[in-house]
Amino acid sequence: MDQMVIRRIFNNLSNEIEVLAGEADGGMNLAEFRAVAKEKLPQLFDDEIDEAFKSADGNNNGNIDTEEAQELLRGLRESTNPHSKTERLVLGLQGTVASLQADVASLHAKLDRLLQLPQSSE
Ligand SMILES: [Ca+2]
């Protein structure tokens, strides 16, 4: 199934997953997951819900365990955060380049002034 569909499902269920991830020995089996997903997203098909569940159940034990829920949330944060690690890096580099360009421009201006001094004194 489309990863975007799975992502959309979990984005809509992030509060429920957050609760799950906070429980010490929590977990959610397929029946519980189906019930929660159906309540929040009634337009979903059963096979979409099942597939989303399978993608989150990393060790295939029929239960989204606390650790799996935490990993799911990490994945969601990375995919939905507009300033992901890479983007932060790019933004930082763009800032560096912009400040270097400003420095070079200001050096140019100073050099121009220095070179013009003898001429302007004539
Ligand atoms: Ca599991």
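Everything numeric here is computed off the predicted structure, so don't read it as measured data.

**Regarding the overall build of the protein chain**
- Helix and strand counts for the protein chain come out as six helices and two strands.
- Ordering the α and β elements of the protein chain from the N terminus gives α-α-β-α-α-β-α-α.
- With 122 residues in all, the protein chain has 15% of them scored as buried.
- The long-range fraction of contacts in the protein chain, counting pairs at least 24 apart against all pairs at least 6 apart in sequence, stands at 69%.

**Remarks on the packing of helix α1 (residues 3–12) against helix α4 (residues 46–56)**
- At a minimum axis separation of 10 Å, α1 and α4 run at an interaxial angle of 85°. Classified by the angle between their axes, α1 and α4 sit roughly perpendicular to one another. Every residue of α4 that contacts α1 at Val 5, Ile 6, Ile 9 and Phe 10 is listed here: Glu 48, Glu 51, Ala 52 and Ser 55.
- In terms of residue class, the contact of α1 with α4 is made up of five nonpolar, one polar and two charged.

**Side note on the packing of helix α3 (residues 30–40) against α4**
- As a packed pair, α3 and α4 sit with axes 10 Å apart at the nearest point and diverge in direction by 125°. One finds that α3 runs oblique with respect to α4. The chirality of how α3 crosses α4 is right-handed. Touching Leu 30, Phe 33, Arg 34 and Ala 37 of α3 are Ile 49, Asp 50 and Phe 53, all from α4.
- A per-class count over the contact of α3 with α4 returns five nonpolar, no polar and two charged.

**Description of the confidence of the model for the protein chain**
- With 89% of its residues at a pLDDT of 70 or more, the protein chain has an overall mean of 86.
- When mean pLDDT is compared element by element in the protein chain, α4 scores highest at 94, while helix α5 (residues 66–80) scores lowest at 84.

**Section: the nonpolar core**
- Formed by 15 residues in total, the largest nonpolar core has its most connected members in Phe 10, Ile 17, Leu 20, Ile 64 and Ala 69.
- When residues of this core are traced back to their parent elements, those giving at least two are α1, α2 (14–22), α3, α4 and α5.

**Description of unusual backbone geometry**
- Look at Asn 60: it is not a glycine, yet its phi comes out positive at around 60°.
- Looking at the element boundaries, Asn 60 is found in the loop between α4 and β2 (63–65).

**Concerning α4**
- Of the positions making up α4, those classed as buried are Ala 52, Phe 53 and Ala 56. Buried positions in α4, seen along its axis, are confined to an arc of 100° and lie on one side of it.

Rules used throughout
- Residues numbered from 1 in each chain as written.
- Predicted model: local features only at pLDDT ≥ 70, side-chain atom pairs only at ≥ 80, totals over all residues.
- Helix = DSSP H or I, 4+ residues; strand = E, 2+ residues; numbered from the N terminus.
- Buried ≥ 20, exposed ≤ 12 C-beta atoms within 10 Å, placed from the backbone.
- Contact = placed C-beta atoms within 7 Å.
- Axes fitted to C-alpha atoms, helices over the stretch in contact; angles between N-to-C directions.
- Parallel < 35°, antiparallel > 145°, perpendicular 65-115°, else oblique.
- Nonpolar A, V, L, I, M, F, W, Y, C, P; charged D, E, K, R; others polar.
- Left-handed = near helix turned anticlockwise from the far one by under 90°.
- pLDDT = per-residue confidence, 0-100.
- Core = buried A, V, L, I, M, F, W, Y, C linked by C-beta atoms within 7 Å.
- Arc of directions from axis to C-beta.

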